[in-house]
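# Results of the structural survey
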Amino acid sequence: MAKTVYVLLAEGFEEIEAITPADILRRMEADVKLVGVSSKLVRGAHGIELTADVTLNRAAKEVPDCVILPGGMPGAKNLDACRPVRELVARVAENGGVVAAICAAPMVLGRMGLLKGKNATCYPGFEEHLEGATLVRQGVVTDGNFVTGNGPGAAADFGFAIGSLLSDEVTAAFTRRSMQY
């Protein structure tokens, strides 16, 4: 696979929405980097602390093949408030990379205007932030190179949807089977 994936961790991120896709994509041999938005040690919404591989100020110099925005509160709001996050997401989108957001985090993409004319989903209550998108009430929605998920329960499907865009279907199917999914 050899694709580079950044999972952006802001204080208050939803743990399962970050770790599950990261794990699935690493099993698919992606080069997954946990990226701390403000520091290497980041506390999730449920008090689980993760040590990021790199901080955003170092990682932002590169343009990965994929960027993942986990939701959670206040994690999604912290992502939305961070200009370097928005700049990185815009560069990935401009380069045709995979842009993925789950739970409350699709609001970042909506506010950036990246979802205009696209199908998308989000956590209930954040629909108003999906500016220009067509809301689809499903666990995971893929539209072109954009993947959105509606919440923690969709984290595995979200990870597999991203993997299907970054890899071939044989690898994706093998990974699903090997995980008993």
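In the block above lies the structure referred to throughout.
For clarity, every value in this text was computed on a predicted model and none was experimentally measured.

Moving on, we get to the pairing of strand S2 (residues 31–36). Examined bridge by bridge, strand S1 (residues 4–9) and S2 share six bridges and lie parallel to one another. Residue Val-7 lies in a different strand from S2, and its bridge partner there is Leu-34. After leaving S1, the chain enters helix H1 (residues 15–27) and then returns to the sheet as S2, a path that is right-handed. Both S2 and strand S5 (residues 54–55) contribute to a ladder of two bridges, which runs parallel. Paired with Gly-36 across the bridge in S5 is Thr-55.

The end-to-end C-alpha distance of helix H4 (residues 83–94), which contains twelve residues, comes to 16 Å, matching closely the 16 Å that a straight helix rising 1.5 Å per residue would cover. Listed as buried for H4 are Val-85, Leu-88, Val-89, Val-92 and Ala-93. Take H4 and look down its axis: the buried residues cluster within an arc of 135°, on one side only. Summarising the geometry of H4, the exposed residues directed more than 90 degrees from the buried face are Arg-83 and Glu-94. Trailing H4 by a residue or two, Gly-96 shows a phi angle of about 80°, which is positive.

Calculation notes
Residues numbered from 1 in each chain as written. Predicted model: local features only at pLDDT ≥ 70, side-chain atom pairs only at ≥ 80, totals over all residues. Heavy atoms only, no water. Pairing = 2+ DSSP bridges. Helix = DSSP H or I, 4+ residues; strand = E, 2+ residues; numbered from the N terminus. Right-handed = clockwise from strand over helix to strand, strands pointing away. Expected span 1.5 Å × (residues − 1). Buried < 20%, exposed > 50% of the residue type's maximum accessible area, 1.4 Å probe, protein only. Arc of directions from axis to C-beta.

The analysis is restricted to geometry; functional conclusions fall outside its scope.
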